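Here is what each chain is made of, one letter per residue.
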Amino acid sequence: MKDSSTTPRYQLCYDHDCPLCVWYTGYFQQNGYLKKGEAVPFYTCNTESLAMLNQQKMTNEIPLINHETQQILYGPDAMLHIIAGKYPTLARLAGTGFARFFIDRL
């Protein structure tokens, strides 16, 4: 059984060579959306986490792994889930209609 005091609840795995990935991952960490250890470059992800990921999707979309539920969200779904932790109403609005269309195109 994993020690919940040392194992992060989430793990956002990102490409450390992608400036946009580094920027918004850093933004999420600096502004309290993610706790320490919840955002890690791919090269530091543990093999158990990497084995869970869809290799095709992770080349274009940052994956967010929920270690409690084993659920993985990618790209816009991952970002909206992170935002929902701090601003649930904003994330709910951004996940619908034109806003979601715009987010998906980013």
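For the structure itself, look to the data block above.
Below is a summary of the structure that appears in this document. None of the values given here were measured: they were computed from a predicted structure. (Residues numbered from 1 in each chain as written. Predicted model: local features only at pLDDT ≥ 70, side-chain atom pairs only at ≥ 80, totals over all residues. Heavy atoms only, no water.)

Digging into the environment of V40
At step 1: With respect to the helices and strands, the residue V40 is situated in strand 2 (residues 39-41).
At step 2: Sequence separation between V40 and F101 is 61 residues; the distance between their C-alpha atoms is 28 Å.
At step 3: If near-sequence neighbours (up to four positions away) are discounted, V40 is found in contact with Q11, L12, C13, Y14 and C45. (Helix = DSSP H or I, 4+ residues; strand = E, 2+ residues; numbered from the N terminus. Contact = heavy atoms within 4.5 Å.)

A closer look at a nonpolar patch on the surface
At step 1: On the surface, L20, W23 and Y27 cluster together into a nonpolar patch covering about 360 Å² of accessible area.
At step 2: Position of L20 relative to the elements: it lies in helix 1 (residues 19-30). (Patch = residues over 30% accessible without salt bridge, like charges linked within 9 Å, V, L, I, M, F, W, Y side chains within 5 Å. Areas by Shrake-Rupley, 256 points an atom, 1.4 Å probe, with all protein chains shown as cover. Salt bridge = Lys/Arg side-chain N within 4 Å of Asp/Glu carboxyl O.)

Considerations on the nonpolar core
At step 1: Counting 16 residues, the largest nonpolar core has L12, F28, L34, I62, L64 and I82 as its most contacted members.
At step 2: If you list the elements that add at least two residues to this core, you get strand 1 (10-14), helix 1 and helix 4 (75-84).
At step 3: Leaving out residues up to four positions away in the same chain, F28 has contacts with Y33, L34, M79, I82 and I83.
At step 4: Listed in part, the nine residues of the second largest apolar core include V40, C45, M58 and I72. (Core = buried A, V, L, I, M, F, W, Y, C linked by side-chain atoms within 4.5 Å. Buried < 20%, exposed > 50% of the residue type's maximum accessible area, 1.4 Å probe, protein only.)

Remarks on the sheet that holds strand 1
At step 1: One open sheet accounts for four strands, arranged 2-1-3-4; its pairing is mixed. Of all the strands in the sheet, the pair left with one neighbour each is strand 2 and strand 4 (71-74). Within this sheet the neighbouring strands show an average axis-to-axis angle of 25°, counted without direction.
At step 2: Relative to strand 2, strand 1 runs parallel, the two sharing three bridges. From the neighbouring strand, C13 faces strand 2, where its bridge partner is V40.
At step 3: Strands in contact with helix 1 are strand 1 and strand 2; relative to strand 1, the strand with the most contacts, it is inclined by about 155°.
At step 4: Together, strand 1, strand 3 (63-66) and strand 4 form the strand contacts of helix 4, whose direction differs from that of strand 4 by roughly 110°. (Pairing = 2+ DSSP bridges. Axes fitted to C-alpha atoms, helices over the stretch in contact; angles between N-to-C directions.)

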